[in-house]
Amino acid sequence: MAPVLVGSSLKTYFSHARTRTWVEAVAGTARTHPAITGGLAELFVMPQFPSIPAALELGLPSGLRVGAQDLGTEDEGAFTGEVSGRVLAELGCTLVEVGHAERRAMFGETEEVVAAKTTAALRNGLTPVLCVGEPQRGRPAEAVAEVLGQIDSALAPAREQGLEGPVVVAYEPVWAIGAPEPAGADHIRSVAAALRRSVAPDPMLPGRVIYGGSAGPGLWPTIADSVDGMFLGRFAHDPAAVARILDEVLDVADREPR
Ligand SMILES: O=C[C@H](O)COP(=O)(O)O
């Protein structure tokens, strides 16, 4: 069984200095926590672009993977202001977030753009953390139908081009992002289990499913049987929360070996 994937996007919440402090603290946890040293979990962080080299320097030696929150659709050329997957990979990033709900809503990212960015990630050997989710609260079956459509659309060009590589599907119900609490455990488990059945067996683009949307300490034990990890936002701003989640990963593994 692959390790539980626990990661955080820092969005644009932190200064560069606070990012450094956070990464140092979480790297310290990564060096010593038995969930990490025992191979039960792996950690990643996605800081703002300018903080990526520092995060790599401070985090990578402790096994903390570093990714970006976005990438351009093209690898090189006259695309002023863009950040290419090629350069992210060159720096040492191994993952990149694609299609977050905030980018779709605030920066006009269409399904076509999300697909092109997913393709660019895979083309450069980066694992896309493909963010998908239903906009409105509803029944799990409706969410599954909507989200599977988003995943198929995002992966279609990569499939046509025969690209290979692991994919992380971040299931983030849009209505649960920035909320006081996550979606209900039953909802998460139903949707994530269905997504897993669909994406995990793909021979070229095998997918793991992580949950995001007001996730934090206390959630993992209630969803661990149906998801492969968690994508954290605000509730990981205190680095101690990451350690508490790893404690929970350890407790669940002791109780129910994966
Ligand atoms: O990238 C993380 C998700 O958007 C969740 O953020 P949040 O936990 O602050 O709602």
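Cut-off values and rules
- Residues numbered from 1 in each chain as written.
- Predicted model: local features only at pLDDT ≥ 70, side-chain atom pairs only at ≥ 80, totals over all residues.
- Heavy atoms only, no water.
- Near = heavy atom within 4 Å.
- Polar contact = N/O pair within 3.5 Å; in protein donor to acceptor, adjacent residues only side chain to side chain.
- Areas by Shrake-Rupley, 256 points an atom, 1.4 Å probe, with all protein chains shown as cover.
- Nonpolar A, V, L, I, M, F, W, Y, C, P; charged D, E, K, R; others polar.
- 1 Å grid on protein atoms, 1.4 Å probe; cavity = no way out; pocket = protein on both sides within 12 Å on 5 of 7 lines; lining within 4 Å.
- Points joined across faces, edges and corners; volume = space filled by probe spheres on them.
- Helix = DSSP H or I, 4+ residues; strand = E, 2+ residues; numbered from the N terminus.
- Core = buried A, V, L, I, M, F, W, Y, C linked by side-chain atoms within 4.5 Å.
- Buried < 20%, exposed > 50% of the residue type's maximum accessible area, 1.4 Å probe, protein only.
- Contact = heavy atoms within 4.5 Å.
- Phe/Tyr/Trp six-rings, centres within 6.5 Å; stacked < 30°, edge-to-face > 60°.
- Lys NZ or Arg CZ within 6 Å of the ring centre and 35° of its normal.
- Pairing = 2+ DSSP bridges.
- Right-handed = clockwise from strand over helix to strand, strands pointing away.

A closer look at the site of the ligand
Piece 1. Near the ligand you find S9, K11, H100, E172, I177, G178, G213, S214, A215, F231, G233 and R234, and these make up its full shell.
Piece 2. Taking K11, its side chain carries an N or O atom lying 2.8 Å from an oxygen atom of the ligand.
Piece 3. Between the ligand and G178 there is a distance of 2.7 Å, counted from an oxygen atom to a backbone nitrogen or oxygen.
Piece 4. Taking 300 Å² as the accessible area of the ligand by itself, protein coverage stands at 100%.
Piece 5. Classifying every residue of the shell around the ligand gives three nonpolar, six polar and three charged.

Notes on empty space enclosed by the protein
Piece 1. One pass over the structure, following the stated rule, counts two cavities of 30 Å³ or more.
Piece 2. As a volume, the largest cavity reaches approximately 130 Å³.
Piece 3. Lining the largest cavity are 15 residues; nearest its centre among them are K11, E172, G213, L232 and G233.
Piece 4. The class makeup of the residues in the lining of the largest cavity is five nonpolar, seven polar and three charged.
Piece 5. What lines the second largest cavity is simply V6, G7, S8, W22, V26, L43, F44, L232 and V242.
Piece 6. Every element with two or more residues in the lining of the second largest cavity is listed here: strand 1 (4–9), helix 1 (16–32) and strand 2 (41–46).
Piece 7. The biggest single contributor to the lining of the second largest cavity is strand 1, with three residues.
Piece 8. A class-by-class count of the residues in the lining of the second largest cavity yields seven nonpolar, two polar and no charged.

Some details on the nonpolar core
Generally speaking, a soluble globular protein has its nonpolar side chains buried in company with each other.
Piece 1. Counting 69 residues, the largest nonpolar core has W22, L43, Y211 and W220 as the members making the most contacts within it.
Piece 2. No other element matches helix 7 (residues 140–160), which puts seven residues into this core.
Piece 3. When neighbours within four sequence positions are excluded, W22 is seen to be in contact with S8, L10, F14, V45, A236, H237, P239 and V242.
Piece 4. Formed by 10 residues, the second largest nonpolar core is a distinct cluster that contains M46, V168, A170 and I210.

Re the packing of aromatic side chains
Piece 1. By the definition in use, this model includes two aromatic pairs.
Piece 2. Seen from their ring centres, F44 and F231 are 5.7 Å apart, and the 40° between their planes marks the pair as tilted. In this pair, F44 sits in strand 2 while F231 sits in strand 8 (residues 229–232), placing the two residues 187 residues apart along the sequence. An identical accessibility class is assigned to F44 and F231; each is buried.
Piece 3. The ring centre of F107 lies 4.4 Å from the NZ or CZ of R103, which sits over that ring.

Looking at the pairing of strand 4 (residues 95–98)
Note on strand geometry: in a regular strand, side chains alternate between the two faces of the sheet.
Piece 1. Where burial is concerned, the two faces of strand 4 agree: the one with L95 and E97 and the one with V96 and V98 are both buried.
Piece 2. As paired strands, strand 3 (residues 65–68) and strand 4 are joined by two bridges and run parallel to one another. Each residue of the ladder has a partner; that of G67, found in strand 4, is L95.
Piece 3. Crossover strand 3 to strand 4 through helix 4 (residues 85–91) is right-handed.
Piece 4. The sheet contact formed by strand 4 and strand 5 (residues 127–132) spans four bridges and is parallel. Of the residues in strand 5, the one forming a bridge with L95 is T127.

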